Protein chains: 2
Amino acid sequence: MSIVASLSPRAVSAPESGIVEIINHARGREGLIPLWAGEGDLPSPDFINRAATDALLAGETFYTWQRGIPELRQALSDYYARHFAVSLTAEHFYVTGSGMHAIMLAVQAITSPGDEMIYLSPTWPNIISAIDISGARSVGLPLDFIGGRWSLDLAKLEARITSKTKGLFINTPSNPTGWTATPDDLKNILALARKHGLWIVADEIYARYYYGGAARAPSFLDIMEEGDRIIFANSFSKNWSMTGWRVGWLVAPPEMGQVIENLVQYSNSGVAQFMQRGAVVALNEGDDFVQENIGRATKARDILCDALIATNRVETLKPEGALYAFMKVDGITDSRRAALDIVDKIGVALAPGSAFGEGGELFLRACFLRNSQQVSEAAGRLAEYIIRL
Amino acid sequence: MSIVASLSPRAVSAPESGIVEIINHARGREGLIPLWAGEGDLPSPDFINRAATDALLAGETFYTWQRGIPELRQALSDYYARHFAVSLTAEHFYVTGSGMHAIMLAVQAITSPGDEMIYLSPTWPNIISAIDISGARSVGLPLDFIGGRWSLDLAKLEARITSKTKGLFINTPSNPTGWTATPDDLKNILALARKHGLWIVADEIYARYYYGGAARAPSFLDIMEEGDRIIFANSFSKNWSMTGWRVGWLVAPPEMGQVIENLVQYSNSGVAQFMQRGAVVALNEGDDFVQENIGRATKARDILCDALIATNRVETLKPEGALYAFMKVDGITDSRRAALDIVDKIGVALAPGSAFGEGGELFLRACFLRNSQQVSEAAGRLAEYIIRL
C-alpha cells in the first residue's frame, strides 16, 4: 500500500485550494497584478507592527491565556460597542489563530461526525473543507443568480434541512459573490434556525466593506436575542491589512467559554502574546486606517466594475459588499483554464470560480482592495481580454 | 435546551487541561516559583526576536507558503543533517502553527472517525484530546513503573492493537515521565508497526534534552527506511525558548505534501512569514543557545532530583530525558489537591499527575528548565513540604 493510500480518506479528499493552485502557477512573475487572493496591497500599518515588535523585544515570549489576553478581549468588546452598537462583555470574545481557525473551532464546537451543516454557495472553499475535515458533512445551497444579482430563496434553504442538520453557515457579505443579507434575510434565517433548533455560524468578516449606503452591512448582532445560538467568526486580516499575521476571533455565548478554551488548547494552544499586542492597538487606534481601507476599496470597486460592465460581456453587477468582483464573462466556460490563460496572456491573476463550489463554475473572482492605479491597469487589460474573446 | 447541551458531545467532553487549571489558580501570585508548564524561564533570545521584528517592520505581512517558506524548510533540512545525521531534503518539512498544531495535523492525516490510535501513558494530555477531537478514539497503554523507572512492555503494546488501530503515538523522551526509548525499544516498535501496517506519530520534541551520555536521545530517524510510515511532530518551543511563538514543524514523507498543505490551509492557512524569519535564524544560528539551555536543564535536573531523592520519600529516579521530575511522593494520594495545596503553602507550582492519564494519578510534575538558584529554592521548599507530610 502506498503512503497516500494509507492516509485518512477525509484528509486525502480535502481538495487543493483552487485559489492556491493559481497562486503557485504564477508566483514570482514579473509585472503580475495579483487579484487572486482576498488580500490588499498595503502591508500592516507601522503603529500596529511597532506594538508587536515592542512586546516581542520586551520578552513577551511565554505561554499566555488560551482565550486571549484580557486587554485584547476588552478591546474587542469596545470595538463592537463603537461599530455594531452592541454591549457585549469581554467574556464573549475569544482570540484565535486566524479567521480560518475561528471557523474550524466554531464547526468543531457544534458538530459531531455525521452531522450536517448547510452553507450558501458559491462560497469560500475553506468553509466547505473545514466542515468536511471536522467529520461533519457539508451541504451546499446555491444562491439564485438572476439579472446579475445574487439572492437567497428561503424555501430552498429550509428544504435542505434534515434531522441531521446541526447548523447554518452564513457568510454575509459573501466571499466571493458579494451577496449581502438584508435585514429581512437575517430575520428569516434566524427564525428558521430557532424553529429547527439549529446553530448559526455567522461569518461577517466583510461587514465593514459595505457599499449600500450605511457604515456597515446588516448583522445578526442587530436582531439576535439572549439565548440565540449564534457564533461569529472574524479576523484581523481584511480591515487592518493583517492577512499574514493569522489572528482572528470568535464572538460566542460566555457559557461556551470552557469548551472554546479547550478547543484552542488542543489545536494551537493559543496565539502569540506579542502578536496580540499588535491586535489590541489595531482595534483601539485603527479606526482611521480601516476607514482608509474602506475608501480605497470603494474607489477601486467602481473603477474595476465600471470597466468590466462597459464591455457589455460581463453579466455581474457591482457587489453590495466584500472585496470581490465575481464576474460571469460571455465566452468563458472553464474558469480554471481561463484563470491560467489570463495569467499567461495579460499578467492578471484571478481566482477561478470553480474553486467556490456549485454555482460558481462560470465565474472569475477579482479582489479589488488595491491602489487605484493598479486596479485601473488590471481593469484595462481585463476589458481588452474580454472583448477579444 | 441549554447552550452547552446543544454543542457537540466531542467538544464538550474535551477535558479542561489539568495543568491550565493550576495555572489559572495561581496566576499572578507574589513569589511563586512556576514549575507547572513545560516552559523555561528564559525569554526568546534577542537574535531570534530581531530577525522577526526586522521582517515585520519590512512589511512581510502578507499570505505566504502553506508548507512554510523555502528558507525555513531548508534550514530544517540542514538542522537534521547536523544533529540527526540524516539527509532529508527540504520537501520532507512542513511548518506548523505550534507543536500542538503539528500533532493535530498528523492525527488528522492518518485517522478517520472510528479509527483507534494508541498512546503510551502517562502522557501529555493534549495528545489524548487531539486524537479524540479529531474523531478517532484514543487508546492508552500505561508504561510499567518499577523501582522508580518507567519501561515499555512490548507484548502489552501489541495486545492493544485491534483491527481499528491506525497508528501508534510515541513520545520519546516522554513528557511527563522522562521515559526514553532505547534503540531496541524503537526497533521493536517499528517492527510492530510494519507487521500491523500502522503509522507511527513520533513526538521527539525533547530529543536534545537527553541525559544518557550522548548528544541526543535515540530516534526513529536512526533506524527508519524509505517507505516507513512515520510522521515526526516537533516544535521550536523548548530548544530555543520560543514557547509563546506557536511555531512547530512536521517531518513527513514528501508524498504527503499536498495532503499536509491542504490540512494547513483549512486549519490556520499557514504561519506568519515574519515569525518564520525568526525560526530560520533560530535553526541556523541557534546551536550555542540550545546548548546553553541543555546545560541549564542538566544542572537543574541534578539539583532538583538530588534534593527530592534525599528526602527518602520520593520514589522516582532521575529522568533519562525531557525536562521534568515526575515524582511519586509517599503520603500523596490526590495529586490535584496536593498541587493546589503546594501552591498555597509553599508557593511552588507543579502540574498534578492526574492531568496525564492512567498511571500518573499519584505523581506530581515539575519542569526544571530554570536557573539553578530558583530551582534550588523550589527544591528546598518541596523537600521540606514532603518531609512534613
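What counts, and where the lines are drawn
- Residues numbered from 1 in each chain as written.
- Chains lettered and ligands numbered in written order.
- Predicted model: local features only at pLDDT ≥ 70, side-chain atom pairs only at ≥ 80, totals over all residues.
- Heavy atoms only, no water.
- Helix = DSSP H or I, 4+ residues; strand = E, 2+ residues; numbered from the N terminus.
- Rg over C-alpha atoms; globule rule 2.2 N^0.38 Å.
- Buried < 20%, exposed > 50% of the residue type's maximum accessible area, 1.4 Å probe, protein only.
- Contact = heavy atoms within 4.5 Å.
- Areas by Shrake-Rupley, 256 points an atom, 1.4 Å probe, with all protein chains shown as cover.
- Lys, Arg positive; Asp, Glu negative; His and termini not counted.
- Charge placed at Lys NZ, Arg CZ, Asp CG, Glu CD.
- Polar contact = N/O pair within 3.5 Å; in protein donor to acceptor, adjacent residues only side chain to side chain.
- Axes fitted to C-alpha atoms, helices over the stretch in contact; angles between N-to-C directions.
- Parallel < 35°, antiparallel > 145°, perpendicular 65-115°, else oblique.
- Left-handed = near helix turned anticlockwise from the far one by under 90°.
- Nonpolar A, V, L, I, M, F, W, Y, C, P; charged D, E, K, R; others polar.
- Domains from an automatic or database assignment.
- Buried area = accessible area lost by both parts, 1.4 Å probe.
- Salt bridge = Lys/Arg side-chain N within 4 Å of Asp/Glu carboxyl O.
- 1 Å grid on protein atoms, 1.4 Å probe; cavity = no way out; pocket = protein on both sides within 12 Å on 5 of 7 lines; lining within 4 Å.
- Points joined across faces, edges and corners; volume = space filled by probe spheres on them.
- Pairing = 2+ DSSP bridges.

Some points on the overall build of chain A
- Within chain A, the secondary structure is distributed over 13 helices and 14 strands.
- Relative to a compact globule of 389 residues, whose C-alpha radius of gyration would be 21 Å, chain A shows 21 Å and is just as compact.
- Taking the principal axes of its C-alpha atoms as reference, chain A extends roughly 60 × 55 × 50 Å.
- Counting across all 389 residues of chain A, residues that qualify as buried make up 66%.
- Within chain A, residue pairs in contact and separated by at least 24 positions form 75% of the contacts whose partners lie at least 6 positions apart.
- Of the roughly 13,100 Å² that chain A leaves accessible, carbon and sulfur atoms contribute 51%.
- With 35 positive and 43 negative side-chain charges, chain A shows a spacing of 4 Å between the two charge centroids.

A few points about the side chain of Asn171 of chain A
Residue and element names in this part refer to chain A.
- On the secondary structure map, Asn171 appears in strand 7 (residues 165-171).
- There is a polar contact of 3.0 Å between the side chain of Asn171 and the backbone oxygen of Asp203.
- Residues in contact with Asn171, not counting those within four places in the same chain, are Trp179, Asp203 and Tyr206.

Points about the packing of helix 5 (residues 99-110) of chain A against helix 6 (residues 125-133) of chain A
Residue and element names in this part refer to chain A.
- In the contact formed by helix 5 and helix 6, the axes pass within 9 Å of each other and the chain directions differ by 40°. When the interaxial angle is binned, helix 5 and helix 6 end up oblique. The handedness of the crossing between helix 5 and helix 6 is right-handed. Here helix 5 contributes Met100, Ile103, Met104 and Val107 to the contact with helix 6, which in turn contributes Asn126, Ile127, Ala130, Ile131 and Ile133.
- Among the residues forming the contact of helix 5 with helix 6, the class breakdown is eight nonpolar, one polar and no charged.

What about the domain arrangement of chain A?
All names here are of chain A.
- Assigned domains within chain A: domain 1 (4-44 + 288-387) and domain 2 (47-286).
- Summarising the inter-unit geometry, the C-alpha centres of domain 1 and domain 2 are found 23 Å apart.
- Opposite the 40 residues of domain 1 that make contact, domain 2 presents 38 residues.
- Interface area for domain 1 against domain 2, summed over the two sides, is near 3,300 Å², with a carbon-plus-sulfur share of 56%.
- Its largest share of buried area at the contact with domain 2, domain 1 owes to Ser44, Val290 and Glu320, together 21% of the area lost on that side.
- The interface formed by domain 1 and domain 2 holds one salt bridge in total.
- Arg149 is the partner of Glu320 in a salt bridge, and the nearest nitrogen-oxygen pair spans 3.6 Å.
- Our enumeration of links across domain 1 and domain 2 arrives at 21 residue pairs in polar contact (both at pLDDT 80 or more).
- Of all the secondary-structure elements, those providing two or more residues to the side of domain 1 that touches domain 2 are helix 11 (287-310), strand 11 (324-328) and strand 14 (363-367).
- In terms of residue count, the dominant contributor to the side of domain 1 that touches domain 2 is helix 11 (nine residues).
- Taken together, the residues that form the side of domain 1 that touches domain 2 break down as 20 nonpolar, 10 polar and 10 charged.

Observations regarding empty space enclosed by the protein
- Within this structure, the stated rule accounts for 15 cavities of 30 Å³ or more.
- The volume enclosed by the largest cavity comes to roughly 160 Å³.
- For the lining of the largest cavity, a count of residues per class yields eight nonpolar, six polar and two charged.
- What lines the second largest cavity is simply His101, Met104, Leu105, Gln108, Ser267 and Asn268 of chain A together with His101, Met104, Gln108, Ser267 and Asn268 of chain B.
- Looking at the lining of the second largest cavity, the elements with two or more residues in it are helix 5 of chain A together with helix 5 (99-110) of chain B.
- The leading source of residues in the lining of the second largest cavity is helix 5 of chain A, at four residues.
- Residue classes in the lining of the second largest cavity are distributed as three nonpolar, eight polar and no charged.

Some points on the pattern of salt bridges
Residue and element names in this part refer to chain A.
- A complete count under the given rule lists 45 salt bridges over all chains for this structure.
- Put simply, Arg73 and Glu91 hold a salt bridge, and the shortest N to O gap is 3.9 Å. Here Arg73, found in helix 4 (residues 70-84), pairs with Glu91, found in the loop between helix 4 and strand 2 (93-96); they are 18 residues apart in sequence, far enough to count as distant.
- Residue class for Glu91 comes out partly exposed when judged on its relative accessible area of 42%.
- Salt-bridge contacts for Asp222 lead to Arg216; the nearest nitrogen and oxygen are separated by 2.8 Å.
- Salt bridges here are not isolated pairs; linked through shared partners, they connect Arg301, Asp302, Asp306 and Lys318.

Structural notes on the interface of chain A and chain B
- The partner chain B presents 84 residues to the 84 residues of chain A that form the contact.
- Regarding the contact of chain A and chain B, the summed buried area is about 6,800 Å², with carbon and sulfur atoms giving 59% of it.
- Of all residues in chain A, the largest losses of buried area upon contact with chain B belong to Ile3, Tyr63 and Tyr266 of chain A, amounting jointly to 13% of the total for that side.
- Counting across the chain A and chain B interface gives zero salt bridges.
- The interface formed by chain A and chain B contains 34 residue pairs in polar contact (both at pLDDT 80 or more).

Focus on the packing of helix 4 of chain A against helix 10 (residues 273-285) of chain A
Residues and elements named next belong to chain A.
- Where helix 4 contacts helix 10, the axes come no closer than 9 Å and their chain directions differ by 20°. The angle between helix 4 and helix 10 falls in the class roughly parallel. Crossing of helix 4 over helix 10 shows left-handed handedness. On helix 10, the residues that touch Glu71, Leu72, Ala75, Leu76, Tyr79 and Arg82 of helix 4 are Gln276, Arg277, Ala279, Val280, Leu283 and Asn284.

A closer look at helix 6 of chain A
Residue and element names in this part refer to chain A.
- Counting buried residues along helix 6, eight of its nine residues qualify, which places the element largely inside the surrounding structure.
- Among the residues making up helix 6, those that are buried are Pro125, Asn126, Ile127, Ile128, Ser129, Ala130, Ile131 and Ile133.
- Once helix 6 ends, the next one or two residues include Gly135, with phi positive near 105°.

Points about the sheet that holds strand 3 (residues 116-121) of chain B
All names here are of chain B.
- Pairing is mixed across the open sheet formed by seven strands, whose spatial order is 2-10-9-8-7-3-4. Edge positions in the sheet fall to strand 2 (93-96) and strand 4 (137-142), since each has one partner strand and no second. On average, each strand axis in the sheet is inclined to that of its neighbour by 25°, with strand direction left out of account.

Quick word on the environment of Asp132 of chain A
Residues and elements named next belong to chain A.
- As for its placement among the helices and strands, Asp132 is situated in helix 6.
- The class of Asp132 is partly exposed, set by a relative accessible area of 33%.
- Spatially, the C-alpha atoms of Asp132 and Ala14 are 7.7 Å apart, while their sequence positions differ by 118 residues.
- Apart from the residues within four sequence positions on either side, Asp132 is in contact with Arg137 and Ser138.

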